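# Summary of structural features
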Amino acid sequence: MVYIIVPAAFLVICFILMYLYAGPFMKGLPVLVYHKISSTKKPDFLTVATSRMREHLEYITKKGYTTIFFTDLIDYVEKGKPLPKKPLMITLDDGFRDNYTDLYPLLKEFNCKANIFIVAGFVQTPGNLGPRAEGEFMLAEEAKTICKDHVQYGLHTMYHKNYHELSLEEIDEDMRVSKQRLDELGIPYQPIFAYSWAYYFKDNPVKQAEVFGILKKHGVRYAFKVGDRLNPLPINLSKRLVLNRLHMNGSYSMWQYKMALMGFIRIVQRLKKILK
Ligand SMILES: [Zn+2]
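Here goes a summary of the coordinates provided. Keep in mind that this is a model prediction, so the values were computed, not measured.

### Quick notes on the overall build of the chain
For the chain, the count of helices and strands is nine helices and 10 strands. The C-alpha atoms of the chain give 19 Å as radius of gyration, which agrees with the globular expectation for 276 residues (19 Å, within 12%). Of all intrachain contacts in the chain linking residues separated by at least 6 positions in sequence, the fraction that spans at least 24 positions is 70%. Within the structure as shown, the chain displays about 13,700 Å² of accessible surface, and the carbon and sulfur contribution to it stands at 59%. Charge separation in the chain, taken as the distance between the mean sites of 38 positive and 27 negative side-chain charges, equals 9 Å.

### Brief notes about the packing of helix α6 (residues 168-185) against helix α7 (residues 205-217)
Their axes nearest at 10 Å, the elements α6 and α7 cross at an angle of 25 degrees. With respect to α7, the axis of α6 lies roughly parallel. Here α6 and α7 pass one another in a crossing that is right-handed. Contact with α6, carried on its side by Leu168, Ile171, Asp172 and Met175, involves Lys207, Glu210, Val211, Ile214, Leu215 and Lys217 of α7 and no other residues of that element. Of the residues contributing to the contact of α6 with α7, the split by class is six nonpolar, no polar and four charged.

### Focus: the nonpolar core
Grouped burial of nonpolar side chains is what soluble globular proteins tend to show. Among the nonpolar cores identified, the biggest contains 66 residues, and Tyr34 and Ile60 are the most heavily contacted of them. Counting residues in each nonpolar core, the second largest holds 16 residues, with Val31, Tyr76, Ile192 and Leu243 among its members.

### Concerning the packing of aromatic side chains
Counted under the stated rule, the structure contains 11 aromatic pairs. Ring centres of tyrosine 59 and tyrosine 257 lie 6.1 Å apart, and the angle between their planes is 80 degrees; on these two criteria the pair is classed as edge-to-face. In this pair, tyrosine 59 is assigned in helix α2 (residues 50-62) and tyrosine 257 in helix α8 (residues 254-261), connecting sequence segments 198 residues apart. By relative accessible area, which is 14% here, tyrosine 59 ends up buried. Where phenylalanine 70 meets phenylalanine 117, the ring centres are 5.0 Å apart and the plane angle is 50 degrees; that geometry is what we call tilted. Taken as a pair, phenylalanine 70 in helix α3 (residues 70-79) and phenylalanine 117 in strand β6 (residues 114-118) lie far apart in primary sequence, 47 residues in all. Judged by its relative accessible area of 0%, phenylalanine 70 is buried. Taken together, Phe96, Phe122, Phe137 and Tyr159 form an aromatic cluster joined through their ring pairs. Lying across the ring of tyrosine 65, lysine 86 places its NZ or CZ 4.4 Å from the centre. Taking the ring centre of tyrosine 222 as reference, the NZ or CZ of arginine 240 above it sits at 4.8 Å.

### A closer look at the pattern of salt bridges
Inspection of every chain in the model, using the stated rule, returns 11 salt bridges. Linking glutamate 55 and arginine 52 is a salt bridge whose minimum nitrogen-to-oxygen distance equals 3.2 Å. With glutamate 55 and arginine 52 both in helix α2 and three residues apart, the pair spans about one turn of that helix. Assessed through its relative accessible area of 32%, glutamate 55 is described here as partly exposed.

### Some details on the coordination of the zinc ion
Distances from the zinc ion to its protein donors, namely Asp94 (OD), His156 (NE2) and His160 (NE2), fall within the range 2.0 to 2.2 Å. Motif for the zinc ion, donor spacing along one chain: D-x61-H-x3-H. You can see aspartate 94 sitting in strand β5 (residues 87-94) and its partner histidine 160 sitting in the loop between β7 (151-155) and α6, a full 66 residues away along the chain. Here histidine 160 falls in the buried class, since its relative accessible area comes to 12%.

About the cut-offs
Residues numbered from 1 in each chain as written. Predicted model: local features only at pLDDT ≥ 70, side-chain atom pairs only at ≥ 80, totals over all residues. Heavy atoms only, no water. Helix = DSSP H or I, 4+ residues; strand = E, 2+ residues; numbered from the N terminus. Rg over C-alpha atoms; globule rule 2.2 N^0.38 Å. Contact = heavy atoms within 4.5 Å. Areas by Shrake-Rupley, 256 points an atom, 1.4 Å probe, with all protein chains shown as cover. Lys, Arg positive; Asp, Glu negative; His and termini not counted. Charge placed at Lys NZ, Arg CZ, Asp CG, Glu CD. Axes fitted to C-alpha atoms, helices over the stretch in contact; angles between N-to-C directions. Parallel < 35°, antiparallel > 145°, perpendicular 65-115°, else oblique. Left-handed = near helix turned anticlockwise from the far one by under 90°. Nonpolar A, V, L, I, M, F, W, Y, C, P; charged D, E, K, R; others polar. Core = buried A, V, L, I, M, F, W, Y, C linked by side-chain atoms within 4.5 Å. Buried < 20%, exposed > 50% of the residue type's maximum accessible area, 1.4 Å probe, protein only. Phe/Tyr/Trp six-rings, centres within 6.5 Å; stacked < 30°, edge-to-face > 60°. Lys NZ or Arg CZ within 6 Å of the ring centre and 35° of its normal. Salt bridge = Lys/Arg side-chain N within 4 Å of Asp/Glu carboxyl O. Donors = N, O, S within 2.8 Å, 3.2 Å for Na, K, Ca; no water.

The analysis is restricted to geometry; functional conclusions fall outside its scope.
Right under this line is the structure:
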């Protein structure tokens, strides 16, 4: 008898804890963050296998989610335009070239939308392969091709420096030059920013307020951190510069992916630690 009661009680406690932890946010907006989608690299924290990405898109399609663009979020918040019944935002950071070679065909196949926070200085042009290894980041022409239908762009600094290490003047200049480079390359972007290294001055409210001022000066109206929680809807306007994203770890199983998508991954990981 005890073999049934103990696991059953454990499961009930787990579900109660999950509900208490994420229940109020269940009707929120999940915003997923990916980096690399690759059929050649080994999956890791930042690299999701292309075959696994296909499974992710199959799953959200089957579950009735509708992927949305940055502009859908803006229109919802600022013009009251309704979101689809089960909205989901896919974001990718940095602008890796595999977003063009591996992700884009999948986006077309599943008719999904994605939003890329592009590092302006890493975008490659034939005469300028950028500061990182050749071929690692998208070419400007590739970036422009995919934003004709399935992709929109947001800002993600000039060279992926951590703003924690920059002065306010340097942050201001970084914002200016990153927008300028995208303008010069003809890559359109929305007034949305993702903090590089997910650093958003949580422990320094004074500098945080100053950085918010710089973002606003540059026209940024929304900014994303990574919090592994859903964003409660309607969007709390006081949180528009610290919106949450759910990290999609390439090492996750499909079960962990589903937990992450629902905003449960933190509690799943905490329970795993306790049970070890
Ligand atoms: Zn990044």
